[in-house]
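Read off the chains here:
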Amino acid sequence: MLSLNELWFILVAVLFIGFFFLEGFDFGVGMSTRFLAKNDMERRVLINSIGPFWDANEVWLLTAGGAMFAAFPNWYATLFSGYYTPLVVLLLALIGRGVAFEFRGKGESERWKKTWDLAIFLGSLLPPFLLGVVFSGLLKGLPIDSDMEMRAGLFDMVNLYTLIGGITVVVLCLVHGLLFTTLRTTGSLQERARKLAHKLLIPLAALFVIFGVMTYFQTDVFEVRALPLTLIAVVGLGAFLLAGQFISKKRDGWAFGMTGTLIALSISSVFIGLFPRVMISSISEAYSLTIHNAASGPYSLKIMTIVALTLLPFVLGYQIWSYFVFHKRINEKEHLEY
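Predicted model only: the values in this text are computed from it and were never measured. (Residues numbered from 1 in each chain as written. Predicted model: local features only at pLDDT ≥ 70, side-chain atom pairs only at ≥ 80, totals over all residues. Heavy atoms only, no water.)

### What to know about helix H11 (residues 226-248)
Piece 1. Taking 1.5 Å as the rise per residue, H11 with 23 residues should run 33 Å; its terminal C-alpha atoms sit 33 Å apart, in good agreement.
Piece 2. Burial in H11 covers these residues: Leu229, Ile232, Gly236, Ala239, Phe240, Ala243, Gly244, Phe246 and Ile247.
Piece 3. Lining the buried residues of H11 we find helix H8 (160-184), helix H9 (187-218), helix H10 (221-224) and helix H12 (252-274).
Piece 4. The first or second residue beyond H11 is Lys250, which carries a positive phi of 60°. (Helix = DSSP H or I, 4+ residues; strand = E, 2+ residues; numbered from the N terminus. Expected span 1.5 Å × (residues − 1). Buried < 20%, exposed > 50% of the residue type's maximum accessible area, 1.4 Å probe, protein only. Contact = heavy atoms within 4.5 Å.)

In structure tokens:
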């Protein structure tokens, strides 16, 4: 039977999987506004395709952070203090993107729109990159001392391994977003999104291979979790090949499901590789944070579990309903808000 510590570790992982799956296509669409759209009208179509969803999707990240704070306060404190600067940049990028969505349609000048379009692009590019760097750092290990203090320098956080991780997440989100565009648009824009997603599969495959090889040699996760990670790699390969097939056959919903599966498998592999650790110390394994020494007390975890199980169905129900209501495709003839 699962302990409450294990249950909350799984819940945090699920929240991050949900965030990357849902907000991942928002990031991808936001990035594609820079080069996929040929004019302002197509840019507005792309932005409106995620208009009803992006703010609710961001809640998954806030909830994951809140769950970490409540269930694993030592993990939260070490991670957020050690990665203070990149996480502040992440939040500023998300804030800037949200403001840009609301403001770009409030002015008619070309300069006004280009400024906010740049904010949308950077606000969609930086968060997946920075989160990829952070999650890669968790796998590689960070200088955490006996007081659970992370004393990392720039090159502890930013190095070839974490940069490859960040770029991989960016390209994966971009492909995921392009396939979401094929589900929400019509005509030439839809066709260009499909073709670009197919072209990006090759560099995405190369990034996955490079990152996987580097993970094998530069971390210990394959030593401690060889079987499940190997199974994930095999299933991921199958999902990747199916994504290519479905894109070629214009079965866009299935292709989108496959890239979503790749995202879920990728984030799952991070948490599986860490377990039962939540942060690996590069100084000494004895200093690593685990689901036990980083967790709240049993009573706190029990109360949190009751509250979470009570409220979760309502939150999920609302989000499912919003996707059902706004499932219709968007075209240039409709009234566009942004």
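### Quick notes on the UniProt feature "transmembrane region" (unreviewed entry) in the chain
Piece 1. Taking the numbering used here, the UniProt-annotated feature "transmembrane region" (unreviewed entry) corresponds to residues 6-37, 83-103, 115-138, 158-179, 200-217, 229-247, 254-275 and 303-326.
Piece 2. Between the first and last C-alpha atoms of residues 6-37 the distance is 45 Å; the span itself is 84% helix and 0% strand.
Piece 3. Taken as a whole, residues 254-275 contains 95% helix and 0% strand, while its terminal C-alpha atoms sit 31 Å from one another. (UniProt positions renumbered as here; feature names shortened; annotations may be inferred.)

### Thoughts on the environment of Arg251
Piece 1. Within the fold, Arg251 resides in the loop between H11 and H12.
Piece 2. Spatially, the C-alpha atom of Arg251 lies 9.6 Å from that of Thr182, the residues being 69 residues apart in sequence.

### With respect to the pattern of salt bridges
Piece 1. Using the criterion set out here, one finds 13 salt bridges in the structure.
Piece 2. Here Arg104 ties to Asp117 by a salt bridge, and the two come within 2.7 Å at their closest N and O atoms. With Arg104 in the loop between helix H5 (84-103) and helix H6 (110-140) and Asp117 in helix H6, this pair connects stretches of sequence that are 13 residues apart. Across the pair, Asp117 and Arg104 agree in class, each one buried.
Piece 3. Linked through salt bridges whose partners overlap, the residues forming this network are Asp40, Arg43, Arg104, Lys113 and Asp117. (Salt bridge = Lys/Arg side-chain N within 4 Å of Asp/Glu carboxyl O.)

### Looking at the packing of helix H2 (residues 40-50) against H8
Piece 1. H8 packs onto H2 with a crossing angle of 95° between their chain directions and a minimal axis gap of 10 Å. By the angle class used here, H2 and H8 are roughly perpendicular. Together, Leu46, Asn48, Ser49 and Ile50 of H2 and Phe180, Thr181 and Arg184 of H8 make up the contact between the two elements.
Piece 2. Here the contact of H2 with H8 is composed, by residue class, of 3 nonpolar, 3 polar and 1 charged. (Axes fitted to C-alpha atoms, helices over the stretch in contact; angles between N-to-C directions. Parallel < 35°, antiparallel > 145°, perpendicular 65-115°, else oblique. Nonpolar A, V, L, I, M, F, W, Y, C, P; charged D, E, K, R; others polar.)

### Here's the deal with a nonpolar patch on the surface
Piece 1. Side chains of Tyr84, Val88, Leu91, Leu92, Ile95, Val99, Phe103 and Trp112 sit close together on the surface and give an oily, nonpolar patch of about 740 Å² of accessible area.
Piece 2. As for its placement among the helices and strands, Phe103 is situated in helix H5.
Piece 3. By relative accessible area, which is 40% here, Phe103 ends up partly exposed. (Patch = residues over 30% accessible without salt bridge, like charges linked within 9 Å, V, L, I, M, F, W, Y side chains within 5 Å. Areas by Shrake-Rupley, 256 points an atom, 1.4 Å probe, with all protein chains shown as cover.)

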